[in-house]
Amino acid sequence: MDIKRMAVATHGDFLFEDQISCSVCLEIFSQPVTTPCGHSFCKACISTYWDKGNKAKVYHCPLCKEAFRKRPELHVNRALQEITEQFKRKALVGNEEGKSENEDTSTALAPSGNSSGLVTELMSRFQGTHEVPQSSFPLGSKVVLQSTSFAHAEPPPPYSYLSRNPLSSSPFSAMCPLHQRRVELFCQTDGRCVCSICAESGEHRGHAVLPLQKGWDTMKSQLGNVEEQLSDLICKRELKSEEIQNALLGIDAAAQRDVERTVLVFSKFLSAVEQGQAQVLELIEMNRRSAHHRSQGLLALLEEEMTELKQRRTSLSQLALSGDCAISLQSLPSLCAPPQLSERVNAPVSSELTTGTILNSISQMTEHFQEGIQKLLKDWTKMVQEYAEKITLDPETAHPRLTISGDGKQVFCSENHRSLPNNPKRFDRVVCVMAHQGFRSGRHYWEVQVGQKTDWDLGVAGQSIRRKGKITVSPAHGFWFLSLRDGANYTFRTEPSTVVQVAPKPSCVGIFLDCDNGFVSFYNVEARVLIYTFRGQFSDTIHPFFSPCTNKYGNNDGPLIICPFPMKF
């Protein structure tokens, strides 16, 4: 009996050769070693495998292809080696016993009467060493058919390979299922192992066939090239993976630099704005004081001239009443002479200051600045759509007054309170619903059509939030959402609520969630502007959160609709 095609039975437990065979050389282990991934090989086989053509200096397991960047230190598996040695010893003993038993059995089964036909049939069906069912012979007899007793006793070498193929644990896998004959040929046309009947008169007739050993040698010669190609592909992907990881590190570093630069630039900008504001206000004050000083001078001059003119007028009036003609004639020329008045009093006094030009320039700069910010936000809204998610509503979380569409994309509030199972996920007091999808990391974006609704809540909530009875909604309690009330009042639900100025009124709201950096943003999709951003920290699985609110007797009966993607900007 051949050791390589034998199973050793010990107290009813069978140990097949494929269980103690090296998957590299296909032989019984010699100095078996075990890799960190748990697979065992001959020490020489795995060493040669790792030494040959390892350009990337990455060591792969020949079976599961797990990669080890550092070459594992291998030691002989003493337990497996002892099992292997026991297998070999018992195989040799079984071989000797098999020969003796075969001689006794052959004598017992000498052709006589009807028994000769049965033996012939069994010999034709079982080629190799197999135990024949006990029911075919008298009770207590044991029949073993020894392969060396027949013409085709020695199976071809590929049979040994097939019997220890990991996909097959029985030597019957080398038998043709159609003709119950040993497979001896390999059909190159169909890539299957076949028997001689299949090749001569069966479905493989006329195909290119080879002896099993030659077919296996042909296929085996290609394994090295295939394995090398796979190793190259794995190496390229590992390098690409490392490249992407390095790129991500670079992106994070660049983002951090941009944040620092942005904070610095805006700090300088705000400082310059504050300084400029102070300077312009000071200039306005200086202009005001200067105008006051000039005006006070003119007023003093006018007062002086009016006093002189009044005195002259009084003198003329007295002169007209005087009875002394000589004195009157002498004084009259000086009083009738034109008064000496200053031209300064005719200078115009303007209420406009000289800062108008500066303010116009600042206004233009502000408009350009706002346009730049809006353009940046538009580019950002385009970018966040790269993280678009397909969101669907979870009916098991919906309040009994909410109705969910069949596709899970729409929700509206009805007047009827439906009878639904009060499962732990369902809200029983607040008319809201959560999405199936939950996120613990990464960036995610979705859009919701709110139309002309007067009331709604949109945002995110933690998976472990309270859902029964009265609920306190705030980031501290696992809720992060924007609310609209009475068609005009927007707030973010903090404690107390944060009033948000929104113009124009959105009919479609985009929600962007960044779990890693801890913020949620809301956008007016049509206007392409940012509405509000809340920065915090998410420690729970985050789900999209929706509330169409009550319909207020038909004034708020429209649904919330999750928009399909992609949306066009």
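Located above this text is the structure these notes cover.
These remarks concern the structure in this document. (Residues numbered from 1 in each chain as written. Predicted model: local features only at pLDDT ≥ 70, side-chain atom pairs only at ≥ 80, totals over all residues. Heavy atoms only, no water.)

1. Concerning the environment of Gly469
Turning to step 1, where the next piece is worked out: By the element assignment, Gly469 lies in the loop between β16 (456-462) and β17 (479-485).
Turning to step 2, where the next piece is worked out: Gly469 sits 41 residues away from Asp428 along the chain, and the two C-alpha atoms are 6.5 Å apart. (Helix = DSSP H or I, 4+ residues; strand = E, 2+ residues; numbered from the N terminus.)

2. Concerning empty space enclosed by the protein
Turning to step 1, where the next piece is worked out: Tallied over the entire structure, the rule returns 1 cavity of 30 Å³ or more.
Turning to step 2, where the next piece is worked out: Considering only enclosed or pocket space, the largest cavity measures out at about 30 Å³ in volume.
Turning to step 3, where the next piece is worked out: What lines the largest cavity is Tyr49, His60, Lys65, Glu227, Leu230, Ser231 and Ile234.
Turning to step 4, where the next piece is worked out: In terms of residue count, the dominant contributor to the lining of the largest cavity is helix α6 (residues 212-321) (4 residues).
Turning to step 5, where the next piece is worked out: Along the lines of polarity and charge, the residues of the lining of the largest cavity split into 3 nonpolar, 2 polar and 2 charged. (1 Å grid on protein atoms, 1.4 Å probe; cavity = no way out; pocket = protein on both sides within 12 Å on 5 of 7 lines; lining within 4 Å. Points joined across faces, edges and corners; volume = space filled by probe spheres on them. Nonpolar A, V, L, I, M, F, W, Y, C, P; charged D, E, K, R; others polar.)

3. Let's talk about unusual backbone geometry
Turning to step 1, where the next piece is worked out: For the bond running from Glu495 to Pro496, omega is -5°, close enough to zero to count as cis.
Turning to step 2, where the next piece is worked out: With respect to the secondary-structure elements, Pro496 resides in the loop between β18 (489-492) and β19 (498-500).
Turning to step 3, where the next piece is worked out: Positive phi, close to 65°, is recorded for Lys65, a residue that is not glycine.
Turning to step 4, where the next piece is worked out: Residue placement: Lys65 occurs in the loop between β5 (59-60) and β6 (67-68).
Turning to step 5, where the next piece is worked out: Here Lys65 falls in the partly exposed class, since its relative accessible area comes to 32%.
Turning to step 6, where the next piece is worked out: Not every positive phi belongs to a glycine, and Cys549 is a case in point at roughly 60°.
Turning to step 7, where the next piece is worked out: Turning to its location among the elements, Cys549 is positioned in the loop between β23 (542-547) and β24 (560-562).
Turning to step 8, where the next piece is worked out: Note on Cys549: relative accessible area 8%, which makes it buried. (Buried < 20%, exposed > 50% of the residue type's maximum accessible area, 1.4 Å probe, protein only.)

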